[in-house]
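# Tertiary structure, described
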Amino acid sequence: MKFTKVAISGISSDSGKTTLMCRLLREFPHWEAIKMTRGHYRSCGKDPHACCVSNLLGDQPLIRSGFQQTYADDKDTGRYWEAGAANVHWVIVTDAQVERGVQLALARVKAPGVLIEGNSFLKFIDVDFSLLVVNVNEHTRIKGSTRWAFEKASALYTSDPAAALHHLKTKYSGDIGKREIPVYAAGEFSKLLARVQRVHELRTGMLGH
């Protein structure tokens, strides 16, 4: 089945990517959502119980799908359902299982489109449109996987375009830091929505029908 894949990544855990995911899901109510969660048997070398998914990790990726397995009103996956997702897939993996995990989740998608929240999977798969959410302040801790997200980003989404571009171009040298990339300010959601809609139409052959 041909469906549109849109990635929503962020430079940090509190960048606003889940909020944007939900906003897009309200506009595409028949689409599905995938949440990527990487865990560690020993969370950053500390107590393994410090990782909220350490008890779910195994030899193979764990994919939970459907309302009963993924809905919780205080979790991102619950917010996806409340925003109108047709189905939600929660992928729990170790670093070594990211590629296989996202592939297994995509194999379950039956909708015309899917929104995927995360960064690291972009190292392994191509998507139709990739959006990097960039909101920077003095306390922001940049994820190591941001490099992959920036390199594959189709556009940036930010409350401060000038600061976002300056930060990324300063942090990443070479060709990646010099690349030109469209930027959508937070107040330009309608323009971003139109772009995603066009990508979807081109991907699924809807234009001209």
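Structure report, in brief. (Residues numbered from 1 in each chain as written. Predicted model: local features only at pLDDT ≥ 70, side-chain atom pairs only at ≥ 80, totals over all residues. Heavy atoms only, no water.)

## Observations regarding the overall build of the protein
For clarity, the threshold we go by: By definition, any uninterrupted DSSP run of H or I lasting at least four residues is a helix, any uninterrupted run of E lasting at least two residues is a strand, and each is numbered from the N terminus. Think of it in three bands: residues with accessible area under 20% of the maximum for their type are buried, residues over 50% are exposed, and the middle band is partly exposed, with areas taken using a 1.4 Å probe on protein chains only. Contacts are assigned to residue pairs that have any heavy atoms within 4.5 Å of one another.
Each helix and strand in the protein was counted, giving 8 helices and 8 strands. Expressed as a percentage of its 209 residues, the buried residues of the protein come to 48%. Across the protein, every contact between residues at least 6 apart in sequence was considered, and the portion connecting residues at least 24 apart equals 75%.

## Structural notes on the pairing of strand β1 (residues 4-10)
Selection rule: We treat two strands as partners when DSSP finds at least two bridges between them.
Counting buried positions along β1 yields 7 of 7 residues, so the element is predominantly enclosed. Neither face of β1 is exposed, since Thr4, Val6, Ile8 and Gly10 on one face and Lys5, Ala7 and Ser9 on the opposite face are all buried. Here β1 runs beside strand β5 (residues 113-117); their pairing, made up of 5 bridges, is parallel. Each residue of the ladder has a partner; that of Thr4, found in β5, is Gly113. For β1 and strand β6 (residues 129-133), the ladder comprises 5 bridges, and the chain directions are parallel. Its bridge partner lying in β6, Val6 is registered against Phe129.

## Description of the packing of helix α1 (residues 17-27) against helix α8 (residues 189-204)
To describe two helices that pack against each other, one gives the angle between their axes and the distance between the axes. To keep it simple, the criterion reads: To get an axis, fit a line to the C-alpha atoms, keeping to the stretch in contact for a helix; angles then go from 0 to 180 degrees between the N-to-C directions. Put simply, angles under 35 degrees are roughly parallel, angles over 145 are roughly antiparallel, angles from 65 to 115 are roughly perpendicular, and the rest are oblique. Helix crossings are classified by the rotation of the near helix relative to the far one: an anticlockwise turn of less than a right angle makes the crossing left-handed, while a clockwise turn makes it right-handed. Each residue gets one label: Ala, Val, Leu, Ile, Met, Phe, Trp, Tyr, Cys and Pro are nonpolar, Asp, Glu, Lys and Arg are charged, and the others, such as Gly, are polar.
Taken N-terminus to C-terminus, the directions of α1 and α8 make an angle of 60°; their axes are 11 Å apart at the nearest point. When the axes of α1 and α8 are compared, the pair comes out oblique. Judged by the sense of rotation from one axis to the other, the crossing of α1 with α8 is right-handed. On α8, the residues touching Leu20, Arg23, Leu24 and Glu27 of α1 are Phe189, Leu192 and Leu193. Grouping the constituent residues of the contact of α1 with α8 by class yields 5 nonpolar, no polar and 2 charged.

## Comments concerning the packing of aromatic side chains
Condition: Each pair of aromatic rings taken from Phe, Tyr and Trp, with Trp reduced to its six-membered ring, is defined by centres within 6.5 Å and is described as stacked if the planes are under 30 degrees apart, edge-to-face if over 60, and tilted in the remaining cases. Note on geometry: a ring has a charge over it if NZ (lysine) or CZ (arginine) is within 6 Å of the ring centre and within 35 degrees of the ring normal.
Taken as a whole and assessed by the stated rule, the structure comprises 3 aromatic pairs. Note on Phe67 and Tyr71: the rings are 4.8 Å apart at their centroids and 10° apart in plane angle, and the pair reads as stacked. Using a relative accessible area of 31% as the deciding quantity, one classes Tyr71 as partly exposed. Ring geometry for Phe67 against Trp81: centres 5.4 Å apart, planes inclined by 75°, an arrangement best described as edge-to-face. Of the two residues, Phe67 is situated in helix α2 (residues 67-70) and Trp81 in helix α3 (residues 76-83); the sequence distance between them amounts to 14 residues. Pairwise contacts between aromatic rings join Phe67, Tyr71 and Trp81 into one cluster. A cation sits over an aromatic face here: Lys5 above Phe3, 5.5 Å from the ring centre. The side chain of Arg23 reaches across the aromatic face of Phe189, ending 4.0 Å from its centre.

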